[in-house]
Structures are given as C-alpha cells and as structure tokens.
Amino acid sequence: IFHTTVSDRRFVAVLLMVLQWTRLGLPSPLRPICDPRVLDRFIKEARDTEFAMVRVCSEGCSLAEPLSVPLTSVDFAIWEKGDVSEQAQEVQSGLWLLAQAISAVRVSITSTALHSLLDNSHSNIHSIGQVIRSLNFPEYTPPADGTVHEDTWRVSSTLELFRVHTNFLRGKVRLLLSHAPACRRDST
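Residues numbered from 1 in each chain as written. Predicted model: local features only at pLDDT ≥ 70, side-chain atom pairs only at ≥ 80, totals over all residues. Heavy atoms only, no water.

Asker: Looking at this structure, how should I read the overall build of the chain?
Answerer: Along the backbone of the chain there are six helices and two strands. Helices and strands in the chain line up, N terminus first, as α-α-β-α-α-α-β-α. Counting across all 188 residues of the chain, residues that qualify as buried make up 40%. Expressed as a percentage of contacts within the chain between residues at least 6 apart in sequence, the contacts between residues at least 24 apart total 86%. (Helix = DSSP H or I, 4+ residues; strand = E, 2+ residues; numbered from the N terminus. Buried < 20%, exposed > 50% of the residue type's maximum accessible area, 1.4 Å probe, protein only. Contact = heavy atoms within 4.5 Å.)

Right, dumping it as structure tokens:
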C-alpha cells in the first residue's frame, strides 16, 4: 500500500504547477493551483490540526503571552468592491501573522507530537504563500519595525490560534483564490 506524506502532496502540487507552465501554448483548464480542491486539502489539514489540539490540550493549552492573529471576519460587500492586490496583501499579512504565532508557540512547547503538528501547519502556511505568489500577486513584505496591522486580534490559547488558522483559510484565503485574475477561465 502506498502512503503519501504531506511533503509528497506538496511536491505533486508544485510539479503540477510546473507542468502547467510548460504548456503555455496549449489551451487548458484552470491552472492546477486554482483548483479549489488544493485549498480544500490545506483546510482539511488545518481542521485536523485544530481537532488534534483539542485532544492534546484538554486545558486549552494557554499561552504565556497573547499572540496577534488576523481577523477572520469578512464584510462581503466591501470585499467584493475591493482591489484584488490589496486583498492579496491582507491575506499575505494574515498568513505572516499566523506563521509568526505558530513559530512562537513552537518555541514555547516541549511535546514532540505538538512540534510535528506545528511544523506541518507552518509549512502549509508557507506553501499557501507560494501559491499566492505563483498567481502573480506582489510579494508581501513584513513590517521592518514589527508593528502589527490594525486588522488583528489576540489569542490566548493554541486552540484559539488553530481555530483562527482554519477560519482564515476557509474565509479570506478562499475568497482571494476564487477571485484571483490568474484563476479565471478566460486568463490562460
């Protein structure tokens, strides 16, 4: 029986992107990275991590210090009228905040089981960032002075952190990818 690992799935996703780019002259369906099933896979893994945290953290795994995370709520009327480049910056900023928070949690825990979950989540956030950059959005540059964007809130447990992580992927990341100009059928 063949078992795939997370790195195997990422490799296949990147390989599919490269193969798609090498066929520039041929008409084709949506780029593989635009397939909603790719993001669904990341969301499933985030949800699985969230549920694993519930099992591991019976006390909620309180954090020594609250961590900044992106807001997950979306005003659809405003989002639909917004500039896609600004939306991409907002999503990339949120991914950066999530990566920073997960890194901070990883440093503060000793459980190898939790380290594995955190490493996988951090890697997935990095992969989603690569997906966004592959769709010709400008790369996000984190603030040099460490200031936090105003559209954030603070979490005080790992359970809250991973709930935000899952909801951010299901909300703003999905909205951005589903409306990305490079993912429209008429933009090959």
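Anyway, onward from the coordinates.
Asker: What exactly am I supposed to notice about the side chain of Thr166 here?
Answerer: Relative to the assigned elements, Thr166 resides in helix H6 (residues 158-179). Given a relative accessible area of 2%, Thr166 falls into the buried group. Among residues more than four places away in sequence, those in contact with Thr166 are Ala46, Arg47 and Glu50.

Asker: Can you walk me through the environment of Ser103 in this structure?
Answerer: Structurally, Ser103 is set in helix H4 (residues 84-108). In this structure, the C-alpha to C-alpha distance between Ser103 and Leu118, residues 15 residues apart in sequence, is 7.8 Å.

Asker: Is there a simple way to explain empty space enclosed by the protein in this structure?
Answerer: Picture a little ball the size of a water molecule; that probe, rolled over the atoms, points out where space is still empty. A complete count under the given rule lists two cavities of 30 Å³ or more for this structure. Forming the walls of the second largest cavity are Ile33, Val38, Leu39, Phe42, Ile128, Val131 and Leu177. With three residues, the single largest contributor to the lining of the second largest cavity is helix H2 (residues 36-56). Taken together, the residues that form the lining of the second largest cavity break down as seven nonpolar, no polar and no charged. (1 Å grid on protein atoms, 1.4 Å probe; cavity = no way out; pocket = protein on both sides within 12 Å on 5 of 7 lines; lining within 4 Å. Points joined across faces, edges and corners; volume = space filled by probe spheres on them. Nonpolar A, V, L, I, M, F, W, Y, C, P; charged D, E, K, R; others polar.)

Asker: What should I look at first to understand the pattern of salt bridges in this one?
Answerer: Where side chains of opposite charge bring their charged atoms close, a pairing between them can arise. Counted by the stated rule, this structure contains six salt bridges. The closest approach of N and O atoms between Arg174 and Asp40, which form a salt bridge, is 2.6 Å. Of the two residues, Arg174 sits in helix H6 while Asp40 sits in helix H2, which places them 134 residues apart along the sequence. On the basis of relative accessible area, Asp40 is assigned to the partly exposed category, the value being 33%. (Salt bridge = Lys/Arg side-chain N within 4 Å of Asp/Glu carboxyl O.)

Asker: Where do I start with the packing of helix H5 (residues 112-134) against H6 in this structure?
Answerer: How two helices pack is summed up by the angle between their axes together with the distance between the axes. Between H5 and H6, the shortest axis-to-axis distance is 13 Å and the interhelical angle comes to 15°. In terms of orientation, H5 and H6 fall into the roughly parallel class. Seen along the crossing, H5 lies across H6 with a hand that is left-handed. Of the residues in H6, those in contact with Leu118, Ser121, Ile125, Ile128, Val131 and Ile132 of H5 are Phe162, His165, Leu169, Val173, Leu176 and Leu177. Its residues assigned to classes, the contact of H5 with H6 shows 10 nonpolar, two polar and no charged. (Axes fitted to C-alpha atoms, helices over the stretch in contact; angles between N-to-C directions. Parallel < 35°, antiparallel > 145°, perpendicular 65-115°, else oblique. Left-handed = near helix turned anticlockwise from the far one by under 90°.)

Asker: Sorry if this is basic, but what is going on with the state of the cysteines here?
Answerer: Every disulfide links exactly two cysteines, by a covalent bond between their sulfur atoms. Using the criterion set out here, one finds one disulfide in the structure. Across the disulfide from Cys34 sits Cys183; the S-S distance is 1.9 Å. For the disulfide bridge between Cys34 and Cys183, the dihedral angle about the S-S bond is near -75°, and by the sign convention the bridge is left-handed. Remark: Cys183 occurs in the segment after H6 and Cys34 occurs in the loop between helix H1 (6-21) and H2; sequence separation between them is 149 residues. Both residues of the pair, Cys34 and Cys183, belong to the buried class. (Disulfide = S-S within 2.5 Å.)

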